[in-house]
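Breakdown of the fold
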Amino acid sequence: MTTQENNKRIARQFFEHFDKQNLDGAFSLMAEDAQFKIPGKPAESPSAGAYGKDRLRRLFERVLKNVPDGVRMTFKSAIAEGDMVALEMEGLGKLSNGRAYNNEYVILFVIRDGLIREVREYNDTLHAYNVWHAA
Amino acid sequence: MPLSANAQLIARLFNEVAKGNGQVFWEHVHDDAVWRTIGTGSWSGTFKGKDSIINDIFRPLGRKLVSRQTDVTRIIDGGEVIVVQAKGKNLTHGGIAYDNDYCFVITMREGKIATYEEYCDTELIANVLGDRLSTWRPAEKKA
């Protein structure tokens, strides 16, 4: 398997673990000093910003607590070059308050020596705000 | 490894647009190209054909913005599929900064753009650009 194919596999595995609510598995793929950036302007999107590993795990735990059956991740494409991977996917879930979450993402990873080093997420922030934060 | 011809072309097209030469960009878009902006707001959706992309997205956008700039920060070269990470620096006619973050997933066919998927901060679009249809007009002459 080429490095790029292996990097694609790691990127997919991260979100496969998230789909299965296996955060130990997901975070075992991240370097200790990894950075994960969530899109949006903090004034409008409370989850926006750069996250270290521990803070990201707390965010994921909050997400899964509010989506009891988990978020089903469907992969659409994976493009890799060098140590970079772009993963297109959709996420589908139902919040405990009954709202439907159905977002679309492209996630850019930097993966070196088998560990995720950087992640930059793009998603439909308007949908995320309306589902998670709007009154 | 050197960039593929497609990745080199995409880098060149963004450079040309930055210099104000948008025509070169449109010359490298297939007539049947499909543009998709994620989300469900008025600027979101699938636009089929170069004429629709120009008339239904870029002309309304041009009426909203007084200056436009898109700086490429990273290209991921997938050969037929090129991923572009970019930062927008734009200003509306009302003097509001519209600085969106973009990730474009561009599929090439025979040296031209066939599909263009735009992932960006859709909430920022809604807050700053407002309703696309407020500046949309029926089809005009071809660009």
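Values in this document were obtained by computation on a predicted structure and should not be read as measured data. For every chain, the first residue of the written sequence is number 1, and numbering continues from 1 along that sequence. Whichever chain is written first is A, and whichever ligand is written first is 1; the rest continue in order. For a predicted model such as this one, the threshold for reporting local features is a pLDDT of at least 70, and the threshold for listing and counting side-chain atom pairs is 80 or more; totals across whole chains, interfaces and linings nevertheless cover every residue.

Per the secondary structure count, chain A includes four helices and six strands. In DSSP terms, a helix is any run of H or I states spanning at least four residues, a strand is any run of E spanning at least two, and both are numbered starting from the N terminus. Seen in sequence order, chain A has helices and strands lined up from the N terminus as α-α-β-β-α-β-β-β-β-α. At 14 Å, chain A has a C-alpha radius of gyration in line with the 14 Å of a compact globule built from 135 residues. For the C-alpha atoms alone, the extent of chain A along its principal axes is close to 45 × 25 × 25 Å. To get the radius of gyration, use the C-alpha atoms; to get the globule rule, take the number of residues to the power 0.38 and multiply by 2.2 Å.

With that settled, the discussion passes to the confidence of the model for chain B. When the pLDDT values of chain B are averaged, the result is 93; 97% of them are 70 or greater. Here the predicted complex scores 0.94 on pTM and 0.94 on ipTM. For every residue, the predictor assigns a confidence score, pLDDT, that lies between 0 and 100.

Here the focus is the sheet that holds strand S1 (residues 29–37) of chain B. All names here are of chain B. Criterion used throughout: strands pair if DSSP finds at least two bridges between them. Spatial ordering of the open sheet is given by S2-S1-S9-S8-S5-S4, a layout of six strands whose pairing is mixed. One side of each edge strand has no neighbouring strand; the edge strands of this open sheet are strand S2 (45–48) and strand S4 (70–78). Here the average twist between neighbouring strands, direction ignored, is 15°. Bridging between strand S5 (residues 81–88) and strand S8 (residues 101–109) involves seven bridges; their strand directions are antiparallel. Bridge pairing in S8 places Ala-86 opposite Tyr-102. The convention used is that axes are lines fitted to C-alpha atoms, helices contributing only their stretch in contact, and that angles between N-to-C directions extend from 0 to 180 degrees.

The next point concerns the sheet that holds strand S6 (residues 90–92) of chain B. Residue and element names in this part refer to chain B. Taken in spatial order, the three strands make up an open sheet running S3-S6-S7, and their pairing is antiparallel. Two strands close off the open sheet at either side, each with one partner strand: strand S3 (65–67) and strand S7 (97–98). Both S6 and S7 contribute to a ladder of two bridges, which runs antiparallel. From the neighbouring strand, Asn-90 faces S7, where its bridge partner is Tyr-98.

Let us now look at the packing of helix H4 (residues 125–132) of chain A against helix H4 (residues 122–129) of chain B. Contact pair H4(A) / H4(B): the axes reach a minimum separation of 5 Å and the direction vectors enclose 95°. Here H4(A) lies roughly perpendicular to H4(B), going by the angle between them. Facing H4(A), whose interface residues are Thr125(A), Leu126(A) and Tyr129(A), H4(B) presents Thr122(B), Glu123(B) and Ala126(B). Tallied by class, residues from the contact of H4(A) with H4(B) come to three nonpolar, two polar and one charged. Any angle from 65 to 115 degrees is called roughly perpendicular, while one under 35 is roughly parallel, one over 145 is roughly antiparallel, and all others are oblique. Note on contacts: each residue gets a C-beta atom placed from the backbone, and two residues are in contact if those atoms are within 7 Å. As a working rule, the residues Ala, Val, Leu, Ile, Met, Phe, Trp, Tyr, Cys and Pro are called nonpolar, Asp, Glu, Lys and Arg charged, and the rest polar, with Gly in that last group.

Before going further, it helps to spend a moment on unusual backbone geometry. One non-glycine residue with positive phi stands out, namely Gln21(A), at about 60°. Among the secondary structure elements, Gln21(A) is positioned in the loop between helix H1 (3–19) and helix H2 (23–27). In the Ramachandran plot, Glu110(B) falls in the positive-phi region, its phi being about 50° despite a non-glycine side chain. Inspection of the secondary structure puts Glu110(B) in the loop between S8 and strand S9 (112–120).

Glancing now at the pairing of S1(B). All names here are of chain B. In the sheet, S1 pairs with S9 via five bridges, with the strands oriented parallel. Along S9, the bridge assignment pairs Arg-36 with Glu-117. With four bridges connecting them, S1 and S2 associate as antiparallel partners. Note on S2: the bridge partner recorded for Trp-35 is Phe-47.

Another aspect to go through is the interface of chain A and chain B. Across the boundary between the two partners, chain A contributes 19 residues, which contact 21 residues of chain B. Looking at the side of chain A that touches chain B, the elements with two or more residues in it are strand S3 (72–81), strand S4 (84–94), strand S5 (100–112) and H4 of chain A.

Attention now moves to the nonpolar core. Across soluble globular proteins, nonpolar side chains have a tendency to be buried as a group. One finds Val85(A), Ala86(A), Leu87(A), Val106(A), Phe109(A), Ile82(B) and Val83(B) to be the most contacted residues of the largest nonpolar core, which totals 63 residues. If you tally residues by element for this core, the top one is S5(A), at six residues. When sequence neighbours within four positions are dropped, the list of residues in contact with Val83(B) reads Ile79(A), Ala86(A), Ile76(B), Gly78(B), Cys103(B) and Val105(B). What makes a nonpolar core is a set of buried Ala, Val, Leu, Ile, Met, Phe, Trp, Tyr and Cys residues, with links drawn between C-beta atoms within 7 Å. Whether a residue is buried, exposed or partly exposed follows from its count of other C-beta atoms within 10 Å of its own C-beta, namely 20 or more, 12 or fewer, or something in between, respectively; the C-beta atoms are built from the backbone.

All names here are of chain A. The sheet contact formed by strand S1 (residues 30–38) and strand S6 (residues 115–123) spans four bridges and is parallel. Bridging across to S6, Met-30 finds its partner in Ile-116. Where S5 lies against S6, eight bridges are found, and the strand directions are antiparallel. Residue Ile-111 lies in a different strand from S6, and its bridge partner there is Ile-116. Between S5 and S6, which pair antiparallel in sequence order, lie two residues; one of them, Asp-113, sits at a positive phi of approximately 50°.

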